[in-house]
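# Fold and geometry: a report
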Amino acid sequence: MIIPFTDLNSETLDNLIEQFVLQEGTEYGEQDVSLSEKVIQVKQQLKIGEAVIVYSELHESVNIVPAAQLRNKP
């Protein structure tokens, strides 16, 4: 189930994004990206629809995934 990021209060959204970024890491090749910069990038991806927040009832978990990943599922 997709959860619109606008349905979350700002503190919850920030915490979710930070958790996602920390799981993913902030090392991207030759240049590290700060946590705050990566949070800003993910928030922007949510705003423009490149990423979405997904709740899994089966796993009782929330994750951020690329929107294209959902469009490519059969």
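Up top is the structure these notes are about.
Residues numbered from 1 in each chain as written. Predicted model: local features only at pLDDT ≥ 70, side-chain atom pairs only at ≥ 80, totals over all residues. Heavy atoms only, no water.

## Some thoughts on the overall build of the protein
Note the cut-off: Think of it this way: any DSSP run of H or I at least four residues long counts as a helix, any run of E at least two long counts as a strand, and we number them from the N terminus. When accessible area is computed with a 1.4 Å probe and restricted to protein chains, residues below 20% of their type maximum are described as buried, those above 50% as exposed, and intermediate ones as partly exposed. Accessibility throughout is a Shrake-Rupley quantity obtained with a 1.4 Å probe, and a residue counts as covered only by protein chains that appear here.
Summing up its helical and strand segments, the protein has three helices and five strands in all. Starting at the N terminus and walking to the C terminus, you meet the elements of the protein as β-α-β-β-α-β-β-α. When the 74 residues of the protein are sorted by exposure, 23% land in the buried category. Per element, the accessible surface of the protein, about 5,400 Å² overall, is 49% carbon and sulfur.

## Thoughts on the pattern of salt bridges
The criterion, for reference: Each reported salt bridge corresponds to a side-chain nitrogen of Lys or Arg within 4 Å of a carboxyl oxygen of Asp or Glu.
One pass over the structure, following the stated rule, counts one salt bridge. Lys-43 serves as the salt-bridge partner of Asp-14, at 2.6 Å between the closest nitrogen and oxygen. Highlighted residues: Asp-14 in helix 1 (residues 10–24) and Lys-43 in helix 2 (residues 35–48), separated in sequence by 29 residues. On the basis of relative accessibility, which here comes to 23%, the residue Lys-43 falls in the partly exposed class.

That is the geometry; function is a separate question.
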